[in-house]
Amino acid sequence: MRIQTPTSLALFSLLPGLASAVGFDCARVSVEGVKFDLSPLGGVHSLYHVDRFDDYIVNTTYVLNICNILKGASIRDGLKCGTSKNICGFETIIPKDSDEDGNIVKRAFPIVGFDHLGHGKKDPEVTRLKKNDPDADGLLVKLTGGEYRETPKSEPKETAAVIEFQCDPDRTGLEGLEDVAETEDDGEEKRRRDKGDEDEDEDDTDKENAGRSLKFRSFKLVDDTYILRLDWRTKYACENYVRDNPKSGGHWGFFTWIIIIGFLCAAAYLIFGSWLNYNRYGARGWDLLPHGDTIRDIPYIFQDWVRRVINTLQGPGARGGYSAV
């Protein structure tokens, strides 16, 4: 008969959450035996893009953090995308024949992310560029987990981001990028999104991307999924970078392993002891745990120890050693 003790149930209940929280580990990317470390590219970055049509202009700011969730950076100009997202789009639609702010439409939409309640997903697909081009060096990363509505009333379509990390030994990948604060944006970028500048030409985005290591390629519908394509030139995408530049402290240290081993031994002791007490003595509740009385007394033992330390530090007090006769 298989018995699941309270301790084992608690440990197993954590496993799904731990597994889903792993997601894309940009510091430990391994593909076909080749290791990459993209963690230096972490942080919140933004890209600005303009689409011009006959009757309106669409200004879109893409905000991304490949190594972590956006947190407060997912809220911009009053638009909320979701703090658990990794990539969000903030869209402003401006009619050309109207100067009234009331006709401007704004919306935010998630592109990549993970929702703790299971409403989203972030399944990384990582391949080497050499798979399709033997002369290429780098990574192709696909992340999913968002949705986009063509109109407010239309059915949502899935979204994904395809980022091509291209090897460039002369670039860190942060050229032309500034970290975005985890607050609403302001300044010139916000002014352009809200008003739209008619004197800007079709190559505005190309001009803004000039000199940047991270560049916008497209955001369009492909096989019923809206895909954001980005190019990112960086030395961290070179296949020999991790090998030629070993990072000190990149692996867990001795004391970290001691803590992990100690935790596993304690968990194994509690589980085995609980199972033994159940089968040998038919114990229930707190009596299942080995040394249950001692464990229940730990708060009181700790209080006594703290009181004794305080009394030791305070000394005998102001009575100067006098004692009652």
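Residues numbered from 1 in each chain as written. Predicted model: local features only at pLDDT ≥ 70, side-chain atom pairs only at ≥ 80, totals over all residues. Heavy atoms only, no water.

The name given to the protein in an unreviewed UniProt entry is Autophagy-related protein 27, with Rasamsonia emersonii as the source organism. The heading Sequence similarities (unreviewed entry) in the UniProt record of the protein holds the text "Belongs to the ATG27 family." (UniProt positions renumbered as here; feature names shortened; annotations may be inferred.)

Draft legend 1. Broad picture of the overall build of the protein. Looking only at helices and strands, the protein has six helices and 13 strands in total. Relative to its 325 residues, the protein shows a buried fraction of 37%. Counting every atom, the protein has about 20,400 Å² of accessible surface; 54% of that belongs to carbon and sulfur. (Helix = DSSP H or I, 4+ residues; strand = E, 2+ residues; numbered from the N terminus. Buried < 20%, exposed > 50% of the residue type's maximum accessible area, 1.4 Å probe, protein only. Areas by Shrake-Rupley, 256 points an atom, 1.4 Å probe, with all protein chains shown as cover.)

Draft legend 2. How the structure looks around the packing of aromatic side chains. All chains considered together, the criterion is met by twelve aromatic pairs. Connected via pairs of aromatic rings, a cluster forms that spans Tyr62, Phe109, Tyr148, Phe216, Phe219 and Tyr226. Looking at arginine 76, its charged tip hangs above the ring of phenylalanine 90, at a distance of 5.6 Å from the centre. (Phe/Tyr/Trp six-rings, centres within 6.5 Å; stacked < 30°, edge-to-face > 60°. Lys NZ or Arg CZ within 6 Å of the ring centre and 35° of its normal.)

Draft legend 3. Structural context of the pairing of strand S3 (residues 45–52). Along S3, seven of the eight residues are buried, which leaves the element largely enclosed by surrounding structure. Relative to strand S4 (residues 56–64), S3 runs antiparallel, the two being bridged by eight bridges. Within S4, the position partnered with leucine 47 by the bridge is tyrosine 62. Where S3 folds back onto S4 in an antiparallel hairpin, the turn is made up of three residues. (Pairing = 2+ DSSP bridges.)

Draft legend 4. Structural view of the nonpolar core. Ranked by internal contacts, the top residues of the largest apolar core, which has 33 residues, are Leu38, Ile111, Phe165, Phe219 and Trp232. Sorting the residues of this core by element identifies strand S1 (29–31), strand S2 (34–36), S4, strand S8 (105–113), strand S10 (138–148), strand S11 (157–167), strand S12 (214–222) and strand S13 (225–234) as the ones contributing at least two each. Aside from chain neighbours lying at most four places away, what touches phenylalanine 165 is Leu38, Leu41, Ile66, Leu129, Asp137, Gly138, Leu139, Val141, Trp232, Thr234 and Ala237. Among the nonpolar cores identified, the runner-up in size contains eight residues, and Val44, Ala73, Cys81 and Phe90 belong to it. (Core = buried A, V, L, I, M, F, W, Y, C linked by side-chain atoms within 4.5 Å. Contact = heavy atoms within 4.5 Å.)

Draft legend 5. Fine view of the pattern of salt bridges. A complete count under the given rule lists twelve salt bridges for this structure. For arginine 128, the salt bridge goes to glutamate 32, with nearest N and O atoms at 2.9 Å. Of this pair, arginine 128 sits in strand S9 (residues 125–128) while glutamate 32 sits in the loop between S1 and S2, and the two are 96 residues apart along the sequence. A relative accessible area of 16% places arginine 128 in the buried class. For the salt bridge of arginine 171 with aspartate 168, the shortest nitrogen-to-oxygen distance reads 3.5 Å. Each member of the pair, arginine 171 as well as aspartate 168, is classed as buried. Salt bridges here are not isolated pairs; linked through shared partners, they connect Glu32, Arg128 and Glu239. (Salt bridge = Lys/Arg side-chain N within 4 Å of Asp/Glu carboxyl O.)

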